[in-house]
Structures are given as structure tokens and as C-alpha cells.
Amino acid sequence: MAMLELKNLTMDFGGLRAVDNLSLNIEKQAILGLIGPNGAGKSTAFNCVAGVYKPTGGEILFDGENIVGQKPWNLCKKGMARTFQIVKPFGTKSVLYNVMVGAFARTDSTEQARRDAEEVLEFLNMADKKDLRSSSLTIADRKRLEIARALATKPKLLLLDEVMAGLRPTEVDEMIAIIKQMRDNGVTVFVIEHIMRAIMALSDEIVVIHFGKKICSGEPQAVACDENVIKAYLGE
Ligand code: ADP
Ligand code: MG
């Protein structure tokens, strides 16, 4: 059974169809990349999956269960976590505190939340920054904190929305390694990313959308030389 299955997912904002009959499957422990030009509907599709928006039509099966209409917090408890394109940590709070907020999705014990948060920070090589205010972090570390917060909820499925934007090439390489390692640890990953090199290196499969519709899907090499994809990106 797939970890996530979208069946004809559709989302309208008034007269604008942002996601148009999108169907896709993500197998357990796979990494699926979702790409497409600006405004293609990628974040809207994520927001439907994460329960932020209730889709206008279609089905979303999460580990076999139709989750349409369920709230984000409930989905988080069931094992879905996401990062936001615009990162918004509690700036005046410490890095550790921010990650503990994620951990509290799984436990009521402050001690357990602290241990879980510390373990996640260790995994992300941020243990030495746990007492810093999150507002003092570099962009790269803020992105990492965002992932740490999501990971602390112990997700089965992780949705990553442009976590590489604004990173230097070496930081992109580190992020690719982190995401691959999360997958090796058992997490299924659904990733939106503009940096082509990263999405190509990460994804088992890529789905390309344009004006909300799927225009191509397949292995990275095949998608990269697809005529429709090239046209969409050139703005024809
Ligand atoms: P992407 O993430 O691929 O860049 P989005 O999903 O953010 O694209 O946006 C898809 C389309 O939906 C765009 O035309 C955008 O303006 C529109 N849109 C996104 N969110 C909303 C909203 N909350 N209300 C109205 N229109 C929206
Ligand atoms: Mg977006």
C-alpha cells in the first residue's frame, strides 16, 4: 500500500483552479519530488494534504485512510509532518524549545520531549546550537530547525516545501544528505524544490505540474528531458 495516494485532487479558490485533478502515489520510504513553475499549485497541493485546505474535490489516502477534512493537528498525530516555505520559528525562544514544540505532538512529558528534541538536534548536527535564540540562526540553520521541528513529531510522511531556497551549494549538499538519511531511517518524503540539482539527486520519482495539472511524471532523468516539461519551464 502506498504511504500517500492522491486521487483527482482538485482545489479551487473562487474561480481559480489551483490544483486540477492531480493523481499520484508515493510508496512507503520513497522520495517523491513535486516540481513546476511558480504558481503551478505545488504549495496548494501540500496544504490540501496537510489539512490546511479542504480540497474542492478528490481523495487523499494517507496510509490507506481517506483524510480529507481532517485538521493539521490530527494529521500530525497520525504521523504527517510538514515544513513551511516561509519559516516561522518562535524567534525569541531557544532552538531546543522550538524542537520540543514538535516533540509534544507525541508526548505529554517535558523530559521525554527534551530527550526527543535533543536526539533530533544531534541527528541534524545542531546540538551545539540548542541554547541559541532561533532568531539568531543563519538561513541554513533556520531551515534545519524547521526540519528538526517536523522530525520531532516522529512522522511517517514528511512534506518539505522548498527547504533549500537561499542555501549555498555546500549547504544544499548537506541538506540532500540529511533528507536521504531520514528516508533510510524509514520516513517517506514528499518534496517541493526549485533547485533542480537537488530534486534530481533526491527523488525516486518526479511529478511535474503546470497550472495545477500533472504534465509529466517518472524517473528524474526521463522527466528532465521531457518536451512538455521544458516548454513549461521556458514559459511557452
Ligand atoms: P506554487 O507553490 O506552485 O508556486 P501555489 O500553490 O502557491 O503555487 O499557488 C497556485 C495558485 O493558487 C496561484 O495562482 C496562487 O496565486 C493561487 N493561490 C494560492 N493560495 C491561494 C489562496 N489562499 N487564495 C487564493 N489564491 C491562492
Ligand atoms: Mg509554493
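Before reading further, recall that the structure is shown in the block above.
Here we summarise the structure given alongside this text. Here, residues in each chain are numbered from 1, in the same order as that chain's written sequence. Throughout, the order in which chains and ligands are written sets their labels, letters from A for the former and numbers from 1 for the latter. Reporting in this predicted model follows two pLDDT cut-offs: at least 70 for local features of residues, and 80 or more for side-chain atom pairs to be given and counted; totals over whole chains, interfaces and linings ignore these cut-offs and use all residues. Just so you know, side-chain values use all the structure's heavy atoms and leave hydrogens and water out.

Details of the environment of Ile147
Turning to step 1, where the next piece is worked out: By definition, any uninterrupted DSSP run of H or I lasting at least four residues is a helix, any uninterrupted run of E lasting at least two residues is a strand, and each is numbered from the N terminus. For Ile147, the position within the fold is in helix H5 (residues 139-151).
Turning to step 2, where the next piece is worked out: Judged by relative accessible area, Ile147 falls into the buried class, the value being 0%.
Turning to step 3, where the next piece is worked out: Placed 16 residues apart in sequence, Ile147 and Val163 show a C-alpha to C-alpha distance of 8.3 Å.
Turning to step 4, where the next piece is worked out: Not counting residues up to four positions away in its chain, the partners in contact with Ile147 are Thr83, Leu124, Leu160, Val163, Met175 and Met182. Relative accessibility decides the category of a residue: with a 1.4 Å probe and only protein chains considered, values under 20% of the type maximum give buried, values over 50% give exposed, and everything between is partly exposed. A contact between two residues is defined here by any heavy atoms of the two lying within 4.5 Å.

Topic: the packing of aromatic side chains
For any pair of aromatic rings, geometry is given as the distance between the ring centres together with the angle between the planes.
Turning to step 1, where the next piece is worked out: Centres within 6.5 Å make a pair out of two Phe, Tyr or Trp rings, where for Trp the six-membered ring is used; the pair is then stacked when the planes are under 30 degrees apart, edge-to-face when over 60, and tilted otherwise. One pass over the full model with this rule turns up two aromatic pairs.
Turning to step 2, where the next piece is worked out: With a centroid separation of 4.8 Å and an interplanar angle of 50 degrees, the aromatic rings of Phe46 and Phe190 are classed as tilted. Taken together, the residues span a long stretch of sequence, with Phe46 in helix H1 (residues 42-49) and Phe190 in strand S8 (residues 188-192) at a distance of 144 residues. Both residues of the pair, Phe46 and Phe190, count as buried.

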